[in-house]
Amino acid sequence: MPTSKPVPASRRSDATRAAILDAARERFATEGYERATIRAIARDANIDPSMVMRYYVSKEGLFAAAVSVDLELPDLSQVPREAVGRALVTHFLAMWEENEVLTALLRVGATNPAGAERMQGIFRDQVLPVARQVCPDPEGAPARAALVASQLLGLALTRYVLRFPSAVELDREEIVAWLGPTVQVYLSSDRP
């Protein structure tokens, strides 16, 4: 009769962390930061709540670990400069519709300082370089990236979080047609 070998503690630890993060992502996406609880996340992960605290110390620490987000921005060097706005809006629509973590992060960012800081970091580290790559005045890139973020986050808030009927009913092509030129102006216009 074969005997099973014990699973090393490091593998159990990795599996526990993965289960916690999966459960946390789901809870944060469906309930938002404020309503998701450590107890519910632990229950979903089939572990004791003390294990969540052992690995992540606090709800904020868990949230920060659960929402590591790569926006997977496209390589814009191959996109004609006048089409960058449309390309970004198209990309972000796909990201929002396929990634519930972004919706959770937006919900938390609107109501919690840790979530806002996380969202700021993602846009600073991932959108600002795109603005620097495209805009005609590199010193103006931070303001331009902020304006781009205002459009993309405003759309996400009204379409995916608040679910304004008129925003939800727009098809993707309409959104790209409306927002693409606005984002383009923010990124490539000489001045307002």
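Preceding this paragraph is the structure being described.
Residues numbered from 1 in each chain as written. Predicted model: local features only at pLDDT ≥ 70, side-chain atom pairs only at ≥ 80, totals over all residues. Heavy atoms only, no water.

### So, the overall build of the protein
Regarding its fold elements, the protein presents 11 helices and 0 strands. Listing the helices and strands of the protein from first to last along the sequence gives α-α-α-α-α-α-α-α-α-α-α. In terms of principal-axis extent, the alpha carbons of the protein reach across some 70 × 35 × 35 Å. Classification of the 192 residues of the protein by burial places 42% in the buried group. The contacts in the protein between residues at least 6 apart in sequence include a share of 68% that link residues at least 24 apart. By element, 55% of the accessible surface of the protein is carried by carbon and sulfur atoms, the whole surface being about 10,800 Å². (Helix = DSSP H or I, 4+ residues; strand = E, 2+ residues; numbered from the N terminus. Buried < 20%, exposed > 50% of the residue type's maximum accessible area, 1.4 Å probe, protein only. Contact = heavy atoms within 4.5 Å. Areas by Shrake-Rupley, 256 points an atom, 1.4 Å probe, with all protein chains shown as cover.)

### Quick word on helix H11 (residues 172–188)
With 17 residues, H11 ought to run about 24 Å at 1.5 Å a step, and its terminal C-alpha atoms sit 23 Å apart, in line with that. Bending of H11 peaks at approximately 30 degrees at the position of Leu 179, with proline Pro 181 no more than four residues after it. Of the positions making up H11, those classed as buried are Ile 175, Val 176, Leu 179, Gly 180, Val 183, Gln 184, Leu 187 and Ser 188. Looking at the packing, one finds that the buried side of H11 touches helix H5 (84–98), helix H8 (128–134) and helix H9 (141–161). Regarding H11, its N-cap is Asp 171, as a side-chain oxygen of that residue lies 3.2 Å from the backbone nitrogen of Glu 173 further along. (Expected span 1.5 Å × (residues − 1). Bend = angle between axes of the 7 residues up to and from the residue. Polar contact = N/O pair within 3.5 Å; in protein donor to acceptor, adjacent residues only side chain to side chain.)

### Structural notes on the packing of aromatic side chains
Scanning the model with the defined rule gives 4 aromatic pairs in all. Residues Phe 28 and Phe 63 carry aromatic rings whose centres are separated by 4.9 Å and whose planes lie at 85 degrees to one another, so their mutual orientation is edge-to-face. Taken together, the residues span a long stretch of sequence, with Phe 28 in helix H1 (residues 9–35) and Phe 63 in helix H4 (residues 59–66) at a distance of 35 residues. Assessed through its relative accessible area of 1%, Phe 63 is described here as buried. (Phe/Tyr/Trp six-rings, centres within 6.5 Å; stacked < 30°, edge-to-face > 60°.)

### Quick notes on H5
The end-to-end C-alpha separation of H5 is 21 Å, in line with the 21 Å expected for 15 residues at 1.5 Å each. Every buried residue of H5 is accounted for by Val 84, Gly 85, Leu 88, Val 89, His 91, Phe 92, Leu 93, Ala 94, Met 95 and Trp 96. Where H5 is buried, its residues contact helix H6 (100–111), helix H7 (113–126), H8, H9 and H11.

### Comments concerning the packing of H6 against H9
Close contact between H6 and H9 brings their axes to 11 Å; oriented N to C, the two are set at 105 degrees. One element, H6, and the other, H9, form an angle in the roughly perpendicular class. In this structure, H6 contributes Thr 103, Leu 106 and Arg 107 to the contact, and H9 contributes Leu 153, Ala 156, Leu 157, Tyr 160 and Val 161. Considering only residue class, the contact of H6 with H9 consists of 6 nonpolar, 1 polar and 1 charged. (Axes fitted to C-alpha atoms, helices over the stretch in contact; angles between N-to-C directions. Parallel < 35°, antiparallel > 145°, perpendicular 65-115°, else oblique. Nonpolar A, V, L, I, M, F, W, Y, C, P; charged D, E, K, R; others polar.)

### Digging into the nonpolar core
If you look at soluble globular proteins, the nonpolar side chains tend to sit buried side by side. One finds Phe 28 and Leu 62 to be the most contacted residues of the largest nonpolar core, which totals 58 residues. It is H9 that contributes the most residues to this core, 9 residues altogether. (Core = buried A, V, L, I, M, F, W, Y, C linked by side-chain atoms within 4.5 Å.)

### Digging into the environment of Pro 80
For Pro 80, the position within the fold is in the loop between H4 and H5. Taking relative accessible area as the criterion, Pro 80 reaches 46% and is therefore assigned partly exposed. Taking the C-alpha atoms as reference points, Pro 80 and Glu 34, 46 residues apart in sequence, are found 42 Å from one another.

By themselves, these are just geometric observations and shouldn't be taken as functional.
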